[in-house]
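Tertiary structure, described
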2 protein chains.
Amino acid sequence: MSFEVLQDKIRRMKNPTVAGLDARVEYVPAFILDKYIAQYGETRRAAAEAIYEFDCGLMDALQDVVPAVKPQAAYFEMLGWEGMEVLERVIRYAKEKGFYVIADVKRGDIGTTATAYAEGWLGGVQVGNTLCTGFDADSVTLNGYMGSDAIKPFLKECQQRNKTLFVLVHTSNASSLELQDMVCGDRLVYTVMGDLTSRWGGSEELDRYGYNRVGAVMGATYPSDIRRMREQLPHTFFLVPGYGAQGGTAADVRYAFDRYGHGAIVNSSRGIMCAWKKTGGDGTDYQEAARAAAIAMRDDIAAYTTVI
Amino acid sequence: MSFEVLQDKIRRMKNPTVAGLDARVEYVPAFILDKYIAQYGETRRAAAEAIYEFDCGLMDALQDVVPAVKPQAAYFEMLGWEGMEVLERVIRYAKEKGFYVIADVKRGDIGTTATAYAEGWLGGVQVGNTLCTGFDADSVTLNGYMGSDAIKPFLKECQQRNKTLFVLVHTSNASSLELQDMVCGDRLVYTVMGDLTSRWGGSEELDRYGYNRVGAVMGATYPSDIRRMREQLPHTFFLVPGYGAQGGTAADVRYAFDRYGHGAIVNSSRGIMCAWKKTGGDGTDYQEAARAAAIAMRDDIAAYTTVI
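Let us look at the structure shown here. (Residues numbered from 1 in each chain as written. Chains lettered and ligands numbered in written order. Predicted model: local features only at pLDDT ≥ 70, side-chain atom pairs only at ≥ 80, totals over all residues. Heavy atoms only, no water.)

Scanning chain A from N- to C-terminus turns up 13 helices and 12 strands. Taking 2.2 N^0.38 as the reference for a compact globule, 308 residues should give roughly 19 Å; the C-alpha atoms of chain A span a radius of gyration of 19 Å, in line with that estimate. Burial statistics for chain A: of 308 residues in total, 66% are counted as buried. Residue pairs at least 24 apart in sequence account for 74% of intrachain contacts in chain A once pairs closer than 6 positions are excluded. A total accessible area of about 10300 Å² is found for chain A, and carbon and sulfur atoms account for 49% of it. Averaging the coordinates of the 33 positive side-chain charges in chain A and doing the same for the 39 negative ones gives two points 4 Å apart. (Helix = DSSP H or I, 4+ residues; strand = E, 2+ residues; numbered from the N terminus. Rg over C-alpha atoms; globule rule 2.2 N^0.38 Å. Buried < 20%, exposed > 50% of the residue type's maximum accessible area, 1.4 Å probe, protein only. Contact = heavy atoms within 4.5 Å. Areas by Shrake-Rupley, 256 points an atom, 1.4 Å probe, with all protein chains shown as cover. Lys, Arg positive; Asp, Glu negative; His and termini not counted. Charge placed at Lys NZ, Arg CZ, Asp CG, Glu CD.)

Another point: the pattern of salt bridges. If you walk through the whole model with that rule in mind, you get 48 salt bridges over all chains. By sharing partners, the salt bridges in this structure join Arg45, Glu49, Glu85 and Arg89 of chain A into a single network. (Salt bridge = Lys/Arg side-chain N within 4 Å of Asp/Glu carboxyl O.)

A word on the interface of chain A and chain B. Facing 74 residues of chain A, the contacting portion of chain B comprises 73 residues. Across the interface of chain A and chain B, roughly 5900 Å² is buried in total on both sides, 57% from carbon and sulfur atoms. The largest per-residue losses of area from chain A upon contact with chain B belong to Glu42, Trp81 and Tyr145 of chain A, which jointly make up 13% of the total buried on that side. If you look at where chain A meets chain B, you find 8 salt bridges. The partner of Glu88 of chain A in a salt bridge is Arg44 of chain B, with the nearest N and O atoms 2.9 Å apart. Where chain A meets chain B, there are 43 residue pairs in polar contact (both at pLDDT 80 or more). No other element matches helix α6 (residues 111-121) of chain A, which puts 8 residues into the side of chain A that touches chain B. Classifying every residue of the side of chain A that touches chain B by side-chain character gives 35 nonpolar, 24 polar and 15 charged. (Buried area = accessible area lost by both parts, 1.4 Å probe. Polar contact = N/O pair within 3.5 Å; in protein donor to acceptor, adjacent residues only side chain to side chain. Nonpolar A, V, L, I, M, F, W, Y, C, P; charged D, E, K, R; others polar.)

In this section: the packing of aromatic side chains. Residue and element names in this part refer to chain A. Scanning the entire structure with this criterion turns up 15 aromatic pairs over all chains. Here the aromatic rings of Phe31 and Tyr286 are separated by 6.4 Å at their centres, their planes lie at 50°, and the arrangement is tilted. With Phe31 in helix α2 (residues 30-40) and Tyr286 in helix α13 (residues 286-302), this residue pair connects regions lying 255 residues apart in the sequence. Given the relative accessible area of 5%, Tyr286 is considered buried. Site record: aromatic cluster; members linked through ring pairs are Phe3, Phe166, Tyr211 and Phe237. The cationic tip of Arg230 hangs over the ring face of Phe238; the distance from NZ or CZ to the ring centre is 4.0 Å. (Phe/Tyr/Trp six-rings, centres within 6.5 Å; stacked < 30°, edge-to-face > 60°. Lys NZ or Arg CZ within 6 Å of the ring centre and 35° of its normal.)

What sets the pattern is the α-helix's 3.6 residues per turn: residues three or four places apart point alike. Residue and element names in this part refer to chain B. Helix length check: helix α13 (residues 286-302) (17 residues) gives 24 Å between terminal C-alpha atoms against 24 Å at 1.5 Å per residue, within 8%. Where α13 is concerned, the buried positions are Tyr286, Ala289, Ala290, Ala294, Met297 and Ile301. Viewed along the axis of α13, the buried residues span an arc of 130°, placing them on a single side of the element. (Expected span 1.5 Å × (residues − 1). Arc of directions from axis to C-beta.)

Looking now at the relation of the copies chain A and chain B. For the pair chain A and chain B, the best superposition has an RMSD of 0.0 Å and corresponds to a rotation of 180° with a translation of 0.0 Å parallel to the axis. Taken together, the rotation and translation relating the two chain copies correspond to the operation of a two-fold axis. Closest approach to the rotation axis among the C-alpha atoms of chain A is made by Cys184 of chain A, whose C-alpha sits 2.2 Å away. Residue by residue, 99% of the interface of chain A is reproduced at the interface of chain B, so both copies engage with the same surface. (Least-squares fit on C-alpha atoms with pLDDT ≥ 70 in both.)

All names here are of chain B. With respect to topology, 8 strands assemble into a closed barrel ordered β1-β2-β3-β6-β7-β10-β11-β12, the strand pairing being parallel. Pairs of neighbouring strands in the sheet enclose a mean axial angle of 30°, with direction left out of account. Note that strand β1 (residues 17-21) and strand β2 (residues 68-71) share 4 bridges and pair parallel. The residue of β2 that forms the bridge with Val18 is Ala68. (Pairing = 2+ DSSP bridges. Axes fitted to C-alpha atoms, helices over the stretch in contact; angles between N-to-C directions.)

What follows deals with the pairing of β2 of chain B. All names here are of chain B. By the alternation rule, side chains of β2 split into Ala68 and Lys70 and Val69 and Pro71, which are all buried. With 2 bridges joining them, β2 and strand β3 (residues 100-107) adopt parallel strand pairing. Looking across to β3, one finds that Ala68 is bridged to Tyr100.

For the rest of this paragraph, the subject is the environment of Gln160 of chain B. Tracing the chain through its elements places Gln160 of chain B in helix α7 (residues 152-161). Linking Gln160 of chain B and Ala94 of chain B, residues 66 residues apart in sequence, is a C-alpha distance of 22 Å.

Let us now look at the side chain of Asp104 of chain B. Inspection of the secondary structure puts Asp104 of chain B in strand β3. Among the residues examined, Asp104 of chain B registers a relative accessible area of 4% and is labelled buried. Setting aside anything within four residues of it in sequence, one finds Asp104 of chain B in contact with Asp109 and Tyr117 of chain A together with Lys70, Pro71, Gln72, Ala73 and Thr141 of chain B.

With that settled, consider the nonpolar core. Judged by nonpolar contacts, the single largest core of 235 residues is most densely connected at Trp121, Leu165 and Phe238 of chain A together with Trp121, Leu165 and Phe238 of chain B. Not counting residues within four places of it along the chain, the set of residues in contact with Leu165 of chain A comprises Phe3, Ser139, Val140, Leu142, Ile151, Phe154, Leu155, Cys158, Arg213, Val214 and Gly215 of chain A. (Core = buried A, V, L, I, M, F, W, Y, C linked by side-chain atoms within 4.5 Å.)

What follows concerns the packing of helix α9 (residues 189-201) of chain B against helix α10 (residues 223-232) of chain B. All names here are of chain B. Following both chains from N to C, one finds α9 and α10 inclined at 30°, their axes separated by 11 Å at the closest point. In terms of orientation, α9 lies roughly parallel with respect to α10. As α9 runs across α10, the sense of the crossing is right-handed. Where α9 abuts α10, its residues Tyr190, Thr191, Gly194 and Asp195 lie against Asp225, Arg228, Met229 and Gln232. (Parallel < 35°, antiparallel > 145°, perpendicular 65-115°, else oblique. Left-handed = near helix turned anticlockwise from the far one by under 90°.)

Turning to the sheet that holds strand β12 (residues 264-268) of chain A, a few remarks are in order. Residues and elements named next belong to chain A. The 8 strands are arranged β1-β2-β3-β6-β7-β10-β11-β12 in a closed barrel whose pairing can be described as parallel. Each adjacent strand pair in this sheet contributes to an overall mean axis angle of 30°, direction not counted. Along the sheet, α13 contacts β1 (17-21) and β12; its crossing angle with β12, the most-contacted strand, is approximately 140°.

It is worth spelling out the side chain of Ser2 of chain B at this point. Residues and elements named next belong to chain B. Within the fold, Ser2 resides in the segment before α1 (3-13). Relative accessible area serves as the criterion here: at 11%, Ser2 is assigned to the buried category. Residues in contact with Ser2, not counting those within four places in the same chain, are Tyr100, Asn162, Thr164 and Arg213.

See the structure below:
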């Protein structure tokens, strides 16, 4: 579904945030994990089922507060195919609950390989006369280091299925500057990536809010850079990681939005998932804790940014 | 296993090549696919099992000719968790057959997420007191756009388990120049990535051949660039895609090797996998065709490069 669908959900909930589903085994409260270890032993299956219950529990608690979830593929892949099987179920559950689903996969490959990834994450594979869908997310994150060849096959899938993608432009981590902040003539590497992203999205087919299908990941930790990129890329929807644990604040992320408070969504993963670790309890309150953290984040951002 | 293990295998077979396992459904001969469709219907399971039989058949035919295989994750992910389950079996089968296994995943993420990927592809996840291994490849390909944060967690896993990784430096596709060839002062973006790669590998712990654990992907399609990078990165093992279908020749790839014919491995995917499509048969000769193509590639490269 296009960014318009996401923006509509954001407006309904007055909340431009997305909850990351990035559960390491140790983020899952013991009462959940122990139950599945008792059933399946100390296995990947036990860990995967525990993460499934945890993620679904989080979504139950957040469904009327947060418009989108962002499952991070790494935390499922680490559990092999059992993890991937659970990831499929997590995405299905999220869609049933009405969340916009951004699969945070950061894939980047070319030609037929990029097509295979696009089919796997957004579309489907033809087997005989049957189209077999894969993970079927609404949106994916991509790495554009290899250039257009890595993005265009996804774009085709997005157009056919009314979906979206986000290209890594400026990431929120400390070492992002090693490559992304190199000076190339009068530009920086990440502003070049920003220009490419803008070009891939184009300005012919804009949604009701003025955005195309190709978003950009813009870390919250460099607010002046976000501000400049918001001006430079008026049709590019921003996914903003780095709020909370990584140091980005509501005052920082406000620059990601346009003057209507549109065009961006801010991620929080550990701040919501691991909120239960700060209540002093045993984790049985993880849903209440996550919901309270998500509401606090919404209100924190609302103090600086009004979604009209 | 370190690059020394790979180099030893290469020397035994006098063949510095790796066979890509990148099977789209339509690369699998009909007699294999039809069998599984008869059993499982037109499903992801049918496609995945067909690809498994095809990949194993290829490995049976190549095991005394080619020292390494490079399964491409995209072609398994496109079939959802059933594809990933088959990927695990493909990797296990490859290791049993004595191949060095490079998982071509091109992952790139940071912090605990990079750790999760590293655990999934090279190491294992702790569940209770049990270490549950994931895909357990010998080596992976990575994308360094996010800088050191994306590489270091893998490096730790590599050191603990004597494994290796390859960072995308200069890729073989046409659009690689959009970002990778930007001029940054007296360097290009990809030479900066090359320098970072060299630094991540270091020169303290070199193997018997003089290489560290952090290799570089250097496309065959830019031979003068390979030549310069071979001089600039003396301890960096090269994975060279782009031979054959993408236009790279044996004359081009010779620059990837050091003067002993060490320090590089050249990939062929479609040239070997799809060789059966050129024999005029129905695909039942796919093993003979793949083997003949692999031997022809070996001999082609040997005309320019001698592995001592």
